[in-house]
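# Structural description and commentary
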Amino acid sequence: MEKIPLRPLDKLYQFWYSYNMPQNLDGKTLTVYFYKTPAGNEPVREWLKQRTPEEKKAIGEDIKAVEFSWPVGYPQVTKLDKDLWEIRTNLPNGICRIFFTIWKKYMVLLHGIIKKSQKTPQQDLDYVKKLRNRVMAGGITNEE
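Residues numbered from 1 in each chain as written. Predicted model: local features only at pLDDT ≥ 70, side-chain atom pairs only at ≥ 80, totals over all residues. Heavy atoms only, no water.

### What about the packing of aromatic side chains?
Under the definition given, this model contains five aromatic pairs. Summarising the aromatic geometry, the rings of Tyr33 and Tyr106 are spaced 6.4 Å apart at their centres and angled 70 degrees between planes, so their arrangement reads as edge-to-face. On the criterion of sequence distance, the pair formed by Tyr33 in strand 1 (residues 31-34) and Tyr106 in strand 5 (residues 106-115) is long-range, its members being 73 residues apart. Here Tyr33 matches Tyr106 in class, with each residue buried. Between Trp70 and Phe100, the aromatic rings sit 5.7 Å apart at their centres with planes inclined by 80 degrees, giving edge-to-face as the arrangement. Here the residue Trp70 occupies a position in the loop between helix 3 (53-69) and strand 2 (77-81), and Phe100 occupies one in strand 4 (residues 94-103), the gap between them amounting to 30 residues. For the pair formed by Trp70 and Phe100, the shared burial category is buried. Three or more aromatic residues joined by ring pairs make a cluster, and in this case those are Tyr33, Trp103 and Tyr106. The ring of Trp47 carries the charged tip of Arg51 above its face, separated from the ring centre by 4.6 Å. (Phe/Tyr/Trp six-rings, centres within 6.5 Å; stacked < 30°, edge-to-face > 60°. Helix = DSSP H or I, 4+ residues; strand = E, 2+ residues; numbered from the N terminus. Buried < 20%, exposed > 50% of the residue type's maximum accessible area, 1.4 Å probe, protein only. Lys NZ or Arg CZ within 6 Å of the ring centre and 35° of its normal.)

Below is the structure:
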């Protein structure tokens, strides 16, 4: 495969990006955290446990891609609202959506659904906005 040379602006952007994007020692730009309810439940983790092994693998790979390469854009990640994004994973039975927010250096997974239609249900959007507001107001419990 022929290597394409970088143009000067590409090199400048690459330098800016690597300098300005915070990196952990393990190469991650974000650390994944499962949102916990006041009762201590982790809804996204529980929802993921109900998926098939193939679905878990596909969803996990997409979460990992965001964790290591943030910021990521469309089609893998879509911004829905201020401090609210969704990861999109194509599955045989529909399109999986994992809603998340970014708090400090954490990617907080808020809610997961499998959509059969194009539009995200309004009740799901209202729910994740409420969770996002809780995280932004109070943080997460294992904050460093």
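### Let's talk about the sheet that holds strand 2
Across a sheet, strands are paired by hydrogen bonds formed along the backbone, either parallel or antiparallel in direction. Strand order in this open sheet of five strands is 1-5-4-3-2, and the pairing throughout is mixed. Edge positions in the open sheet fall to strand 1 and strand 2, since each of these has one partner strand only. Direction aside, the axes of adjacent strands within the sheet are offset by 35 degrees on average. One ladder, built from seven bridges, connects strand 3 (residues 84-91) with strand 4; its direction is antiparallel. Its bridge partner lying in strand 4, Thr89 is registered against Cys96. Helix 3 contacts strand 1, strand 2, strand 3, strand 4 and strand 5 of the sheet and is inclined by roughly 140 degrees relative to strand 3. (Pairing = 2+ DSSP bridges. Axes fitted to C-alpha atoms, helices over the stretch in contact; angles between N-to-C directions. Contact = heavy atoms within 4.5 Å.)

Such coordinate-based values are descriptive only and should not be taken to indicate function.
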